[in-house]
Every structure is written in C-alpha cells, then in structure tokens.
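Summary of the model geometry
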Amino acid sequence: MSVATLDRSANSTAPTDQQVQAYLRTGLRNRWWPILPSRFVEAGGKPLGLTRLGEQLVLWRDSGGTIHVQVDRCPHRAVPLSRGINEGDRLRCNYHGVEVGPDGKVLKVPGQPGCPLEGKKAVKTYPSCEVADAIFVWFGDALNQEAPAFEPPEQLVDPEYSHFLCYADWEMAWRYAFDNLMDPMHGTFLHANSHTMYQGDTQAHFVTRDTPHGYFFEKEGQRDVNFDWSEFVDKGAIYVRLEIPYPPSGGPGGNFGIVGFGTPIDENTMCVFFWRVRKVSGWQRDVWRFLYKTNLEPRHWAVLEQDREILSGVKPGLEKYEMLYQHDAGVIRLRRYLAQQARKQLVELEVAGK
C-alpha cells in the first residue's frame, strides 16, 4: 500500500451506521446472486429487461443459447436495449439501430459508420452462469468487477440430490427473507398446521455453531423433529440451508432440504429462489419426484405463501421497534455480519477513491 493510500485511509471518515444500512438496502456486492429462472429467457428470443440489486439489466440468449447479461442502456442515447432486437449474436437498439455485442462492444452505428463509438466497449457486461435451472450474476463493486468462479451449494450440483426450483417475487426488503430463514422457531407457530411442522416442543433454547463459511443456528437437544436448524453460508454467494423431516407419506429419501436465496430487486422488493432438495437415487428418485409434483408441491407453496403474507410490505427501518429475545440470536448475528461486510466494502472503496 502506498504512502498516499495510507494517508487517505488515515484521513477518511469511517462510514456511519446509516450509510452502512443504506448501502445494504439493494444488496451486498461482490457476491453471486440468482436473478431469474433459466426458462424465462429463450435462445434467440426477445431481450428481457429487469431490475436486480437496484440495477437495470437486459438478459438475452444468442442463437447458440448462451446467456448474456448487460446494463439495459444503449450507449448512444441511453434508452433501454431490452426494447431492441436480438440479432442472434448481438442486440440492435430500436431507436437508431446501434448494435452491441455480447462483450459490450459497439459493433455498428448505421447512422454514421466509422464514428468513434464503433469498436468501443461501451455497455457494461456482467459475469453470469447458469446453475440448477437459474441464471446467476456477479455484482461486483468498483474494485471487484472480475468474478471468481462460482461454487454452488453441493445440493444443487451433486447428482446424488434431486431438486425442484421455486421462484417468486415478494413485496418486502430482501433482508427480511433472510431473517425469516434464520428463524427456525417461526415454523412451530406460523407453519404449525403444515404436514411436518406440528411436531416437537413449542419452547426451545438455541445455540450457534461456526462453520468455515458461516454458522448453524439450531435448537439444543432437538434434531430431525421439526424445523430445527438453519445454516447461513457465505461462499461467493449468500444463502441459507435448512432441513425438515418427512413423515412416511413423504416417500423415500432423507430429510426434505431447502436451499434458499433472496435477491433484492430494489429497496422494497425482492425475488426468492427456494430449491427443494432430497438425497435420493434410482427408483426412489422417480417416486419422490412423482409424489412431489402430484401431492407435496401445493403444500410447500402454501407454506411459502404464509411467509410471504406475514412479511408483505415490510420495509427497512422496522428494526427500531423490535424487542428481540434468545430465539433471535441467529437473526442478530446475521444482521451484524452483513453490516460488517458492507462496512468493509465501503472503507475499501473510500481508501481507493472510488
């Protein structure tokens, strides 16, 4: 680190709690986030515009089926590229015909061939990949535009697991969905009438257990009875794992697992990605998948709807009215961790003058 950088670091003002919370309202940067199920974007089809982490994006597939994610803004007059035409290997803006390639380079300006805009890399392009039927995008800050390789949860890529993706848009700030996932006790009450969550004690003492990439928050002395634990993971992406035991009517296989992501759309809305997973193989996999689609899926949507309904419209700032107790230790730790990560990023950006 240079002397100039050290001087700037010494003289910079540490971010306030208000600045940290404002920064977090549209998500934590330098992470991979799922943004949309893969099936929503067709090869060679119309470009799709959407908002994620407060940023306007255009998604399109080239004629070979490869997904591309770019800022939804033509470099000429800044109108949305999502209102343009997919030419198979490029997007063509409908306004003046400017053509942009998958790498963000302007390939053609029909109105003035040879102008300085041609050949210029003028459209931000986001690193992206597809995993388990979803499109993931790297949202880096000004210091971290290059993406590390994405390491998905093993439940989404290990052939020993079978999974279904559940996707929905929710009207709430994204962090409340993570709070909900790190709160196993709510299952005993909000979901008491589901086919699995009526069992076990309505009282519990919780403990935390560290892992290399996060922590478990679990009921002490109760396991494989109800919604007994959650695991927060930060490994290139942030997500929560949990398991719920199945009764015999749930079919063959182990516990019913959920891998949950909650991606911010803007400050007050988000989209959820819940992969429902089970470790099954052979004929048991076929039985499980049949039972899930014919019998279990509606129940799981009903449970999700209970979560959505109770949290609908919740906006940042309600924390000042909360009176938390021991069952909320997992939520408290999660909030502190996210604030620490955000503060670290803000300091690094300030030191670098970004």
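You'll find the structure just up there.
All of the points below concern the structure found in this document. For every chain, the first residue of the written sequence is number 1, and numbering continues from 1 onward in sequence order. Restriction of local features to residues with pLDDT of at least 70 applies here, the model being predicted, together with a cutoff of 80 or more for giving and counting side-chain atom pairs; totals for whole chains, interfaces and linings are based on all residues. The side-chain figures draw on all heavy atoms in the structure; neither hydrogens nor water molecules are used.

**Thoughts on the sheet that holds strand β6 (residues 91-92)**
The cut-off we apply is this: We treat two strands as partners when DSSP finds at least two bridges between them. Helix and strand labels come from DSSP, where a helix needs a run of H or I of at least four residues and a strand needs a run of E of at least two; each type is numbered from the N terminus.
Pairing in this open sheet of four strands is antiparallel, and the strands run β5-β6-β7-β8 from one edge to the other. The sheet is open, and its two edges are formed by β5 (85-86) and β8 (106-108), each paired on a single side. In this structure, β6 lies alongside strand β7 (residues 99-100), joined through two bridges in antiparallel fashion. Paired with leucine 91 across the bridge in β7 is valine 100.

**Quick notes on helix α7 (residues 329-351)**
This is how the line gets drawn: For a helix, the expected span equals 1.5 Å multiplied by the residue count minus one. To sort residues, take the accessible area from a 1.4 Å probe on protein chains only and compare it with the maximum for the residue type: under 20% means buried, over 50% means exposed, and anything in between is partly exposed.
The end-to-end C-alpha distance of α7 is 33 Å, a good match for the 33 Å that 23 residues give at a rise of 1.5 Å each. Inspection of α7 places Gly330, Val331, Leu334, Leu338, Ala339, Gln341, Ala342, Gln345, Leu349 and Val351 among the buried residues, and these make up the whole buried set. Positive backbone phi, at 70°, marks glycine 353, one or two positions downstream of α7.

**Some details on the sheet that holds strand β4 (residues 67-71)**
Pairing is antiparallel across the open sheet formed by four strands, whose spatial order is β2-β3-β4-β9. Edge strands, defined here as strands with exactly one partner in the open sheet, are β2 (48-52) and β9 (125-126).

**Digging into the side chain of arginine 241**
For clarity, the cut-off: Pairing of N or O atoms within 3.5 Å defines a polar contact, subject to two protein rules: one partner must be a possible hydrogen donor and the other a possible acceptor, and residues neighboring in sequence count only if both atoms are side-chain atoms. In what follows, a contact means two residues having at least one pair of non-hydrogen atoms within 4.5 Å.
Here arginine 241 shows up in strand β16 (residues 238-244). Within polar-contact distance, the side chain of arginine 241 engages the side chain of glutamate 231 at 2.7 Å. Beyond its immediate sequence surroundings of up to four residues, arginine 241 is in contact with Gln155, Phe216, Trp229, Ser230, Glu231, Ile258 and Val259.

**Side note on the pattern of salt bridges**
Counted only if it meets this: Salt bridges, as used here, are contacts in which a Lys or Arg side-chain nitrogen is within 4 Å of a carboxyl oxygen on Asp or Glu.
For the coordinates displayed, the defined rule picks out 20 salt bridges. Members of the salt-bridge network, linked through shared partners, are Arg29, Glu55 and Lys124.

**Structural notes on the nonpolar core**
What counts here: What we call a nonpolar core is a set of buried Ala, Val, Leu, Ile, Met, Phe, Trp, Tyr and Cys residues that are connected through their side-chain atoms within 4.5 Å.
One finds Ile35, Leu59, Val69, Trp170 and Trp275 to be the most contacted residues of the largest nonpolar core, which totals 91 residues. At seven residues, the largest contribution of residues to this core is made by strand β18 (residues 270-279). For tryptophan 170, the contacting residues outside a window of four places in its chain are Ala177, Thr269, Met270, Val272, Phe274, Leu304, Asp307 and Arg308.

**Focus: the packing of helix α4 (residues 174-181) against α7**
Selection criterion: For every element, the axis is a line fit to its C-alpha atoms; helices are fit only across the contacting stretch, and the angle between N-to-C directions ranges from 0 to 180 degrees. For classification, angles of less than 35 degrees are called roughly parallel, those exceeding 145 degrees roughly antiparallel, those between 65 and 115 degrees roughly perpendicular, and all remaining angles oblique. What makes a crossing left-handed is the near helix being turned counterclockwise from the far one by less than a right angle; a clockwise turn instead makes it right-handed. Three categories are distinguished: nonpolar for Ala, Val, Leu, Ile, Met, Phe, Trp, Tyr, Cys and Pro, charged for Asp, Glu, Lys and Arg, and polar for the others, with Gly belonging to the last.
Relative to each other, α4 and α7 sit at 140°, their axes nearing to 9 Å. With respect to α7, the axis of α4 lies oblique. Two packed elements cross with a definite hand, and for α4 against α7 that hand is right-handed. Residue-level contacts link Trp174, Arg175, Phe178 and Asp179 of α4 to Val331, Leu334, Arg335 and Leu338 of α7. Taken together, the residues of the contact of α4 with α7 sort by class into five nonpolar, no polar and three charged.

**Looking at the pairing of strand β14 (residues 214-219)**
Across the six residues of β14, six count as buried, placing the element largely inside the fold. Bridge count between strand β13 (residues 206-211) and β14: six bridges; the pairing is antiparallel. In the sheet register, aspartate 210 faces β14, and the bridge partner there is tyrosine 215. Here β13 folds back onto β14, and the loop between the two strands holds two residues. Strand direction decides the pairing type here: β14 and strand β15 (residues 229-234), joined by five bridges, are antiparallel. In the sheet register, phenylalanine 216 faces β15, and the bridge partner there is glutamate 231.

**Some words on the packing of aromatic side chains**
Rule in force here: Working definition: rings of Phe, Tyr and Trp (its six-membered ring) pair if their centres are within 6.5 Å, and the pair is stacked with planes under 30 degrees apart, edge-to-face with planes over 60 apart, and tilted otherwise. Two thresholds decide whether a charge sits over a ring: the Lys NZ or Arg CZ must be within 6 Å of the ring centre and within 35 degrees of the ring normal.
Summed over all chains, the structure comprises 24 aromatic pairs. Judged by centre distance (6.1 Å) and plane angle (15°), the ring pair of phenylalanine 136 and tryptophan 275 falls under stacked. Of this pair, phenylalanine 136 sits in strand β11 (residues 134-139) while tryptophan 275 is found in strand β18, placing the two residues 139 residues apart along the sequence. As far as the burial class goes, phenylalanine 136 and tryptophan 275 line up, both buried. By the ring-pair criterion, three or more aromatic residues cluster together here, those being Trp32, Phe40, Phe136, Trp138, Phe150, Tyr167, Tyr239, Phe261, Phe273 and Trp275. One residue, arginine 209, lies across the ring of phenylalanine 216, its end atom 4.2 Å from the ring centre. Taking NZ or CZ as reference, arginine 289 lies 4.1 Å from the ring centre of phenylalanine 164, over its face.

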